[in-house]
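Structural description and commentary
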Amino acid sequence: MILALPGFLYYLLTAKGKNRYKPLAFYGSKTVAKTSHKVHGKVIPDTIYHTIGDFTFTDQNGKPVNAKSFDKKVLVVALFYTRCPEVCTTVNSFMDSLDVNYRKNKMVQFASITVDPDHDTPPVLKAYADKFKPSDKWLFLRGDTTTTYNLARNGLLVNALKTGEGNYILDDKLILIDGERRVRGYYSGSTRADVMKLNDEIKVQIAEELRKVDKALY
């Protein structure tokens, strides 16, 4: 049953759900490529979508993590910091519920990235993470400030600003990223309705990733 589940999910979301499920949008800049493909005999120019660049972080266990660690995975990302007021706890609590929902699905991973790396060392992140009892699919990450803020603003396309010692302004978004590092959705991490929508759209993205594998087999 476990081996059959991904294929069954693909069948439900594609063959049985053609009218209900649509491909998710792509966020960020788009460029028309010089290459093209054919759909029903019609030549369609390829599009180059915004992608998240390379990065190197350290997780709560002190292990290195880079962009390739998430290749071909459906990834949900949130920004936070351990000294944050209630909103970060709310966001990560919803992330926790998603982690539980997809704990057995190898295609889905989660990352909470601190915007306060000077304070949030691996031991501090570990103590914070232990409150949620995350699976090994949910990582709490830190990097140098240049990498972190560049990823937030130019990669994830969200706000992250330090306003004083221990104080930050940042979006409460949960960000959905596909297996090719493209941003596919933004959801308020403090609103249950948005998180429920994200839960549904993770399934849509899983179906898209499975479709890529299916096409590669032929």
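Cut-off values and rules
Residues numbered from 1 in each chain as written. Predicted model: local features only at pLDDT ≥ 70, side-chain atom pairs only at ≥ 80, totals over all residues. Heavy atoms only, no water. Disulfide = S-S within 2.5 Å. Buried < 20%, exposed > 50% of the residue type's maximum accessible area, 1.4 Å probe, protein only. pLDDT = per-residue confidence, 0-100. Contact = heavy atoms within 4.5 Å. Core = buried A, V, L, I, M, F, W, Y, C linked by side-chain atoms within 4.5 Å. 1 Å grid on protein atoms, 1.4 Å probe; cavity = no way out; pocket = protein on both sides within 12 Å on 5 of 7 lines; lining within 4 Å. Points joined across faces, edges and corners; volume = space filled by probe spheres on them. Helix = DSSP H or I, 4+ residues; strand = E, 2+ residues; numbered from the N terminus. Nonpolar A, V, L, I, M, F, W, Y, C, P; charged D, E, K, R; others polar.

1. Some points on the state of the cysteines
- Enumeration over the complete set of coordinates arrives at 1 disulfide.
- Disulfide pairing is shown between C84 and C88; the S-S distance is 2.2 Å. Between C84 and C88, the S-S torsion sits near 80°, and that sign places the bridge as right-handed. We note that C84, like C88, is buried.

2. Regarding the confidence of the model for the protein
- For the protein, per-residue confidence averages 88 on the pLDDT scale, and residues scoring 70 or more make up 86% of the total.
- Low confidence marks residues 14–19, where pLDDT is under 50. Its contacts with residues over four positions away, or in another chain, come to 5 contacts.

3. Some thoughts on the nonpolar core
- By size, the foremost hydrophobic cluster in this structure holds 55 residues, and its most contacted members are L156, L174 and I202.
- Once residues lying within four places of it in the same chain are set aside, the contact partners of L174 are V76, V77, A78, V91, M95, L98, G185, Y186, Y187, G189, V195 and L198.

4. Focus: empty space enclosed by the protein
- One pass over the structure, following the stated rule, counts 1 cavity of 30 Å³ or more.
- Considering only enclosed or pocket space, the largest cavity measures out at about 130 Å³ in volume.
- If you trace the largest cavity, you find 16 residues lining it, with I52, F55, F70, L75 and I177 closest to the centre.
- Listing elements by their share of the lining of the largest cavity, those giving two or more residues are β5 (74–80) and β6 (108–114).
- For the lining of the largest cavity, the residue count by class is 12 nonpolar, no polar and 4 charged.

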